[in-house]
Amino acid sequence: MELNSVQKKEYEWFLDNYDMLFSKYGESYLVIKDNTVLGNYKTFSDGLSSVRGKEPDGTYIVHKCGKTKDADMVTLFSHNVT
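All of the points below concern the structure found in this document. Values in this document were obtained by computation on a predicted structure and should not be read as measured data.

### As for the side chain of T59
No. 1: Residue position: T59 is located in the loop between helix 3 (44-51) and strand 3 (61-65).
No. 2: There is a polar contact of 3.4 Å between the side chain of T59 and the side chain of K33.
No. 3: Excluding anything up to four places from it in sequence, T59 contacts V6, E10 and K33.

### Observations regarding the nonpolar core
No. 1: Residues Y11, W13, F14, Y18, L21, Y25, L30, I32, V37, I61 and C65 constitute the largest nonpolar core, which totals 11 residues.
No. 2: Looking at this core, the elements with two or more residues in it are helix 1 (5-16), helix 2 (18-25), strand 1 (28-33) and strand 3.
No. 3: Apart from residues no more than four positions distant in its own chain, W13 is found in contact with L21, I32, N35, T36 and V37.
No. 4: Judged by nonpolar contacts, the second largest core, of six residues, contains V31, L48, Y60 and V62.

### Some words on the sheet that holds strand 2 (residues 36-41)
No. 1: Strand order in the open sheet formed by three strands is 2-1-3, and the pairing between neighbours is antiparallel. A strand with exactly one partner marks an edge of an open sheet, and here the two such strands are strand 2 and strand 3. Averaged over all pairs of adjacent strands, the angle between their axes in this sheet comes to 30°, without regard to strand direction.
No. 2: The pairing of strand 1 with strand 2 spans five bridges and is antiparallel. Each bridged residue has a counterpart across the sheet, and for L30 the counterpart in strand 2 is N40.

### A look at helix 2
Residue pairs three or four apart in sequence face the same way in an α-helix, which turns once every 3.6 residues.
No. 1: Among the residues making up helix 2, those that are buried are Y18, L21 and Y25. Within helix 2, the buried residues cover an arc of 65° as seen down the axis, which keeps them to one side. Turned more than 90 degrees away from the buried face of helix 2 sit D19, S23 and K24, all of them exposed.
No. 2: Along its buried surface, helix 2 packs onto helix 1, strand 1, strand 2 and strand 3.
No. 3: Downstream of helix 2 by one or two residues, G26 has phi in the positive range, about 65°.

### Overview of helix 3
No. 1: If you check which residues of helix 3 are buried, you get G47, L48, S50 and V51. Viewed along the axis of helix 3, the buried residues span an arc of 160°, placing them on a single side of the element.
No. 2: Looking at the buried positions of helix 3, the neighbouring elements they touch are strand 1, strand 2 and strand 3.
No. 3: Two residues or fewer past helix 3, G53 is found with a positive phi of approximately 85°.

Conventions and cut-offs
- Residues numbered from 1 in each chain as written.
- Predicted model: local features only at pLDDT ≥ 70, side-chain atom pairs only at ≥ 80, totals over all residues.
- Heavy atoms only, no water.
- Helix = DSSP H or I, 4+ residues; strand = E, 2+ residues; numbered from the N terminus.
- Polar contact = N/O pair within 3.5 Å; in protein donor to acceptor, adjacent residues only side chain to side chain.
- Contact = heavy atoms within 4.5 Å.
- Core = buried A, V, L, I, M, F, W, Y, C linked by side-chain atoms within 4.5 Å.
- Buried < 20%, exposed > 50% of the residue type's maximum accessible area, 1.4 Å probe, protein only.
- Pairing = 2+ DSSP bridges.
- Axes fitted to C-alpha atoms, helices over the stretch in contact; angles between N-to-C directions.
- Arc of directions from axis to C-beta.

In structure tokens, the structure reads:
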């Protein structure tokens, strides 16, 4: 899956702030938009459900905050359905 420039920026912010995010949220799925955590959730599905219909598709990411920065790279998500 290819990320757009906004999503790349959000992912870079996640990496740059990983230590603070993990300290604050622990192992959870984060919804990130505009360099801000909109919410933290137990499951990917919960995170996605929380943002769908509220934010334009392709303007946020849902990413697992795990024990390492790349704990679950597969969950970096872009919902781009028209």
